[in-house]
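Residue-level structural notes
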Protein chains: 2
Amino acid sequence: MSQHTQALTEFLAGLRYEQLPEAVISRTEDLFLDWLGSALASQGAHPIPLFERYAAMMGPATGPAHILVNGQSSSAYFAALVNGASSHLVEQDDLHNSSVLHPATVVFPAVLAAAQDLGKSGRELIVAAVAGYEAGIRIGEFLGRSHYRIFHTTATVGTLAAAVSVGKLMNFNQEQFTNLLGSAGTQAAGLWEFLRDAADSKQLHTAKAAADGLLAAYMTAEGLSGAKNILEGEQGMAAGMSSDANPAWLSDRLGSRWALIETSFKFHASCRHTHPAADALLALMQRENLSADDIASVTTRVHQGGIDVLGRVVVPQTVHQAKFSMGTVLGLIAVYGKAGLPEFHQHSLTDPRIGAFREKVRMALDEEVDSAYPQRWLGRVKVTTVDGRTLSGSIDEPKGDPGNTLSRAELEDKFRRLLAFSGARSDDEAGVLIDKCWRLRQLMDLSELA
Amino acid sequence: MSQHTQALTEFLAGLRYEQLPEAVISRTEDLFLDWLGSALASQGAHPIPLFERYAAMMGPATGPAHILVNGQSSSAYFAALVNGASSHLVEQDDLHNSSVLHPATVVFPAVLAAAQDLGKSGRELIVAAVAGYEAGIRIGEFLGRSHYRIFHTTATVGTLAAAVSVGKLMNFNQEQFTNLLGSAGTQAAGLWEFLRDAADSKQLHTAKAAADGLLAAYMTAEGLSGAKNILEGEQGMAAGMSSDANPAWLSDRLGSRWALIETSFKFHASCRHTHPAADALLALMQRENLSADDIASVTTRVHQGGIDVLGRVVVPQTVHQAKFSMGTVLGLIAVYGKAGLPEFHQHSLTDPRIGAFREKVRMALDEEVDSAYPQRWLGRVKVTTVDGRTLSGSIDEPKGDPGNTLSRAELEDKFRRLLAFSGARSDDEAGVLIDKCWRLRQLMDLSELA
């Protein structure tokens with residue numbers, strides 16, 4: 001085992017709630033509320049009911065852990081599975097930029113299910129979630145851009161992040177964390193290929209990452225051993241699934257850098273790769289007082305990762321594909337001034353103005369943007385107007401990024417809108433949940449969140 | 001989707017029991033008995049009870065499918081999980097040479113659990129298992145040697161083989177098989193890194209391959225879509241996990257070549273990579289009438305894959321590592337004339353003659369052997385005797401290979417020995433199970449096998 005993996009597992013074993021800065025604790029509460037909203041927003045939407053039916057077929061009829069979208073209970077494994085599927089559907093869950101990991105949708109389903117199963121408190125959940133974020137983000141950074149080119153990092157690394165959070169909940173020592181990484185890492189899977197068919201694998205990925213990570217932790221607690229060097233070994237994750245791995249990330253400023261607070265909230269309901277351009281276009285249109293009809297063409301200068309993920313979708317056939325269509329997202333921004341869930345569901349596929357605007361948009365690789373990525377997600381657009389002007393817009397930090405984050409009032413508003421969208425809870429019930437999340441550190445019984 | 005994937009899914013959807021040659025049907029019965037013996041042989045052995053406890057924690061208390069090692073019942077998912085773990089522990093399950101896939105330990109746990117759940121017959125199980133073998137073997141061949149260098153093919157490809165067998169049991173059409181491959185392939189995981197620590201991941205791999213494959217099939221039946229080109233696509237399995245993939249293997253002589261009957265039975269209880277050398281040494285010692293004490297040194301000339309897998313273990317610390325130690329295996333052959341489970345458990349770590357012989361053995365890469373691999377597993381040994389002679393031994397087809405296969409009498413004997421080893425069943429009960437396996441094609445109720 002290298003010094004880097006060793007430092008990471010030592011940090012995870014030693015981490016205490018008392019050592020968390022207040023900003024980390026309160027941001028964890030923010031992230032938890034934001035995650036809960038994403039999970040409840042997908043109630044009833046394909047393919048979530050398929051996961052609910054699978055849990056009913058294969059799991060116990062009742063259990064200590066709660067399935068959020070249907071209010072039923074099950075064992076921790078199936079609650080993690082269904083909640084993992086449901087929190088990544090509406091593309092509103094958080095993202096850590098430099099690791100390109102969506103931590104909440106894998107960490108919280110696993111750690112909440114396990115906490116309900118094991119009778120842990122909100123405070124214990126918080127420190128366990130922090131452990132999952134800190135480990136997962138560093139492992140994502142370690143595996144690098146080459147990994148993300150083929151593999152869905154939230155699926156692969158997500159398995160380890162979920163595992164670590166449950167292991168922390170179980171108070172694992174360093175040796176157990178070493179075994180845990182081995183058993184989680186050797187289950188890590190998830191390929192981007194599904195994107196070009198708009199297939200349902202994205203939900204399968206987060207469901208499995210959360211559930212497999214939980215499985216790894218429970219089995220490690222029982223005594224299952226794992227590879228000691230799964231991250232860096234000659235036949236480990238980096239060897240098999242990356243060509244630019246850098247082990248130094250694994251131990252990067254442990255205990256002083258809190259990667260959790262670098263996580264971005266999603267403001268637009270689309271793939272995060274579209275957000276910098278969306279914000280840059282919006283800023284330019286407001287500055288120049290332009291309407292959609294004033295615009296002849298848009299070139300957005302992007303990083304290669306954006307082209308890899310978004311380049312596939314030409315004319316979107318589904319709402320989910322629309323969220324991965326740069327032209328559609330910019331069309332919604334130009335025509336409606338926003339790209340939230342209602343805009344996607346009501347207009348993205350049917351409004352001819354959106355289709356027309358989409359045809360005006362192209363992406364181009366930009367060297368400055370690409371070299372800043374993934375640490376910084378720069379937005380750069382060039383607009384040609386119908387009256388012949390050429391205008392440039394740029395933003396350096398998209399809305400929701402750490403330096404431009406959402407306030408608690410904005411998070412509450414987003415939460416209420418997500419629950420109203422799916423009808424999962426009334427606005428009063430949403431208020432009760434918000435209150436509980438803001439008191440997460442005091443909650444003794446996490447089944448209250450059901 | 002390429003013509004090769006298309007041809008494969010078309011073949012799978014169209015396959016009928018009536019089109020199976022008698023040799024394929026009866027070999028499937030042979031393989032099923034052989035698998036059942038491997039599963040029952042691990043009763044009580046670490047880490048199998050951990051999987052049993054996990055199933056008890058997370059699954060229903062009872063169900064339609066049977067966990068072989070403890071006689072309990074559960075849902076199909078957990079039966080596949082535990083039976084998948086238990087059938088790969090004693091290193092006695094089958095192997096297909098050119099794909100380097102152990103098909104039985106992933107196909108039969110999944111298909112038996114699903115058949116018990118869905119009330120399918122032995123005949124339906126046979127054609128479903130054949131589908132799993134034919135698809136899995138070709139996908140393993142397609143991914144090539146570069147895949148196996150880092151990834152445990154039985155884990156990765158095993159997920160697809162298990163999925164296909166359950167999909168066939170459910171009478172999937174071609175479109176469903178396409179979706180199924182997508183959902184199974186994007187879950188494919190399993191790294192060799194655990195070997196160097198003698199960690200428990202091998203059982204986790206086969207458990208998860210069987211269970212994840214089953215999950216993919218059940219969820220496809222519910223309507224989950226998957227990537228259409230998971231095998232060959234730009235962000236699919238080959239793109240991420242192979243550098244020498246050849247799509248032509250996917251459609252290789254479908255319906256005329258029966259890859260299932262190319263599968264080898266294991267005679268020695270060790271890693272298959274040791275078998276060619278073991279048989280070559282045994283033949284040489286018998287021919288020259290040598291004892292272990294007559295031998296000063298052994299050089300076994302092997303393929304690179306053997307060095308990759310066996311090269312890690314120098315002095316084995318566990319029985320499982322001993323099965324991956326070329327020197328230990330050849331020591332058992334030299335001293336005891338065989339390398340079965342009793343020899344491994346009673347002598348491999350403690351008999352000083354085995355330790356001393358191990359020090360006399362070295363492996364060397366051989367160009368002829370390496371270029372024949374993985375289609376043919378050639379055994380080549382050079383022995384120096386204490387009286388100064390240099391002798392060569394060679395075999396071209398190890399015991400258990402298709403051209404040197406085990407008879408039903410030998411399979412029965414192996415089965416009885418495996419059950420006696422673990423004490424899982426009495427010899428009379430073993431006889432009853434043997435009889436049922438030889439009548440597998442007539443069995444209407446597969447819960448009889450519990």
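Residue positions are given per chain, counted from 1 along the sequence in the order it is written. Chain letters and ligand numbers both follow the written order, the letters beginning at A and the numbers at 1. At least 70 in pLDDT is required for a residue's local features to be given in this predicted model, at least 80 for side-chain atom pairs to be given and counted, and no such filter applies to totals for whole chains, interfaces and linings, which use all residues. Neither water nor hydrogens contribute to the side-chain values; these are computed over all heavy atoms in the structure.

Here the copies were fitted onto each other by least squares, based on C-alpha atoms from residues at pLDDT of at least 70 in both. Mapping chain A onto chain B calls for a rotation angle of 180 degrees and an axial translation of 0.0 Å; the resulting RMSD is 0.0 Å. Look at the turn and shift together and you get a two-fold axis relating the two. Looking at the rotation axis and the C-alpha trace of chain A, the residue lying nearest is A:P60, at 2.1 Å. A shared binding surface is used by both copies, with 100% of the interface residues of chain A retained as interface residues in chain B. It only takes one pair of heavy atoms within 4.5 Å for two residues to be counted as in contact.

Much of the literature gives interface size as the accessible area that the parts lose upon coming together. If you look at the interface, chain A gives 62 residues, while chain B gives 62 residues. In this assembly, chain A packs against chain B so that about 5,000 Å² is buried in total across both faces, 60% of it on carbon and sulfur atoms. Salt bridges, as used here, are contacts in which a Lys or Arg side-chain nitrogen is within 4 Å of a carboxyl oxygen on Asp or Glu. The interface formed by chain A and chain B holds 6 salt bridges in total. Two N or O atoms form a polar contact when they lie within 3.5 Å of each other; inside protein one atom must be a possible hydrogen donor and the other a possible acceptor, and for residues adjacent in sequence the pair counts only when both atoms belong to side chains. Between the two partners, chain A and chain B, sit 27 residue pairs in polar contact (both at pLDDT 80 or more). Counting from the N terminus, the helices are DSSP H or I runs at least four residues long and the strands are E runs at least two residues long. Per element, the largest residue contribution to the side of chain A that touches chain B is 10 residues, and it comes from helix α9 (residues 201-222) of chain A. Class assignment for the residues of the side of chain A that touches chain B results in 30 nonpolar, 18 polar and 14 charged. In short, buried area is how much 1.4 Å probe accessible area vanishes from two parts on joining, totalled over both. Amino acids are sorted into nonpolar (Ala, Val, Leu, Ile, Met, Phe, Trp, Tyr, Cys and Pro), charged (Asp, Glu, Lys and Arg) and polar (every other residue, Gly among them).

Looking now at the sheet that holds strand β5 (residues 295-302) of chain B. Residue and element names in this part refer to chain B. The criterion for strand pairing is that DSSP finds at least two bridges linking the strands in question. Strand order in the open sheet formed by 4 strands is β6-β5-β7-β8, with mixed pairing between adjacent strands. Edge positions in the sheet fall to β6 (361-365) and β8 (390-395), since each of these pairs with one other strand and no more. Strand-to-strand, the axes of this sheet are offset by a mean angle of 20 degrees, without reference to chain direction. Alignment of β5 against β6, held across 5 bridges, turns out to be parallel. By the bridge assignment for β6, V302 is matched with L365. Every angle, taken between N-to-C directions, lies between 0 and 180 degrees, and every axis is a line fitted to C-alpha atoms, over only the stretch in contact when it is a helix. Docked against the sheet, helix α11 (residues 275-288) engages β5, β7 (379-385) and β8, running at close to 125 degrees with respect to β8.

So, about helix α19 (residues 427-438) of chain B. Residue and element names in this part refer to chain B. One less than the residue count of a helix, multiplied by 1.5 Å, gives the span that helix is expected to have. Along its 12 residues, α19 runs 17 Å from first to last C-alpha, staying within 8% of the 16 Å computed at 1.5 Å per residue. The cut-offs for exposure are 20% and 50% of the maximum accessible area for each residue type, with area from a 1.4 Å probe on protein chains only; residues under the lower value are buried, those over the upper are exposed, and the others partly exposed. Where α19 is concerned, the buried positions are A430, L433, I434, K436, C437 and W438. Buried positions along α19 lie against α2 (22-41) and α18 (408-422).

Residues annotated in UniProt with the feature "domain: MmgE/PrpD C-terminal" (unreviewed entry) correspond here to residues 268-439 of chain A. Segment residues 268-439 of chain A splits into 48% helix and 15% strand. End C-alpha atoms: 27 Å apart. UniProt positions are given in the numbering used here, feature names are shortened, and annotations may be inferred rather than shown by experiment.

Okay, the UniProt feature "domain: MmgE/PrpD N-terminal" (unreviewed entry) in chain A next. Within the UniProt annotation, "domain: MmgE/PrpD N-terminal" (unreviewed entry) is assigned to residues 6-248 of chain A. Summarising residues 6-248 of chain A: 62% helix, 2% strand, and an end-to-end C-alpha distance of 12 Å.

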